[in-house]
Every structure is written in structure tokens, then in C-alpha cells.
Amino acid sequence: MISEAKIQQEMVVWFRNSYQRKGVDKGIIFSVPNERAGGYMAMKDLLLTGLLSGVSDLIVVLEGKVLFVEVKNSIGKQSPKQKLFQSQIENLGFQYHLVRTLDEFKKVINEV
């Protein structure tokens, strides 16, 4: 089974080749590293500087739109904090997408 990290890497490479290559500036894609760090002080510092449990794996900025993308493999499930983040994002009027494959991601981007 392919890992979520590998799926995410494929998405980032495809997006950058399609939307951010030299001479093309149609969008931006980035991740927000949000994994837990070791040690109490490290976690406290991360929380104070904006760490937010449940935030999506990728954020995609296109003309006039911001998409939040959660990457899961074929058996991955959202945590309660990820579901809460999704609800908050959608209540604010933004698009949140749970994708499991590069093809699903391409479809989301191409439909926007």
C-alpha cells in the first residue's frame, strides 16, 4: 500500500510542474508541518507559535481561491481534530477536500 507521504509528494510534484513551472504562475501549493515534536517545551513553543492539530496536509492557492487538502491513503481515516478543522474551514466558506490519489487531486484542481 502506498503511504500518505508518497501520495502527497506526487501531488506536490504534479501541481508544481503544472502550475508553478518557469514562466507559469497559476498557483501556489504548500504544506504546514504539523507533526508533534518531542518534549514539553518544544510542544508548548509550537502551540504558542501557531501549531493547530488537525490542519490539512496541503494548502493550495489559486486565483481567488484557497483550497485545503487532506491526504489519506486507501484506508486512512480523518481524526476527530481533522474533522473539526474541516468543519471550521467549510463554515468560513472555503473548500476542503479529502483526496486519496493523485488522480482525485488532479480532478479537484482541474475543476476549480
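Below is a summary of the structure that appears in this document. (Residues numbered from 1 in each chain as written. Predicted model: local features only at pLDDT ≥ 70, side-chain atom pairs only at ≥ 80, totals over all residues. Heavy atoms only, no water.)

With that out of the way, let us pick up helix α3 (residues 80–91). Taking 1.5 Å of rise per residue, 12 residues should cover 16 Å, and α3 covers 16 Å from first to last C-alpha, within 8% of that figure. Taken as a whole, α3 has its buried residues at Gln82, Phe85, Gln86 and Ile89. Across the axial projection of α3, the buried residues extend over an arc of 100°, all falling on one side. Turned more than 90 degrees away from the buried face of α3 sit Pro80 and Asn91, all of them exposed. (Helix = DSSP H or I, 4+ residues; strand = E, 2+ residues; numbered from the N terminus. Expected span 1.5 Å × (residues − 1). Buried < 20%, exposed > 50% of the residue type's maximum accessible area, 1.4 Å probe, protein only. Arc of directions from axis to C-beta.)

Within the element layout of this structure, Gln78 appears in the loop between β3 (65–71) and α3. Classification of Gln78 by relative accessible area gives buried; the value is 17%. Separated by 3.1 Å, the side chains of Gln78 and Gln86 make a polar contact. At 3.0 Å, the side chain of Gln78 and the side chain of Tyr96 are in polar contact. Once residues within four sequence positions are removed from consideration, Gln78 is found in contact with Lys72, Lys83, Gln86, Tyr96 and Leu98. (Polar contact = N/O pair within 3.5 Å; in protein donor to acceptor, adjacent residues only side chain to side chain. Contact = heavy atoms within 4.5 Å.)

Let's shift gears to the packing of helix α1 (residues 4–19) against helix α4 (residues 102–111). Two elements in contact, α1 and α4, have axes whose closest approach is 9 Å; the angle formed by their N-to-C orientations is 40°. The chirality of how α1 crosses α4 is right-handed. Mapping the contact onto sequence places Ile7, Glu10, Met11, Trp14, Phe15 and Tyr19 in α1 and Leu102, Phe105, Lys106, Ile109 and Asn110 in α4. Its residues assigned to classes, the contact of α1 with α4 shows eight nonpolar, one polar and two charged. (Axes fitted to C-alpha atoms, helices over the stretch in contact; angles between N-to-C directions. Left-handed = near helix turned anticlockwise from the far one by under 90°. Nonpolar A, V, L, I, M, F, W, Y, C, P; charged D, E, K, R; others polar.)

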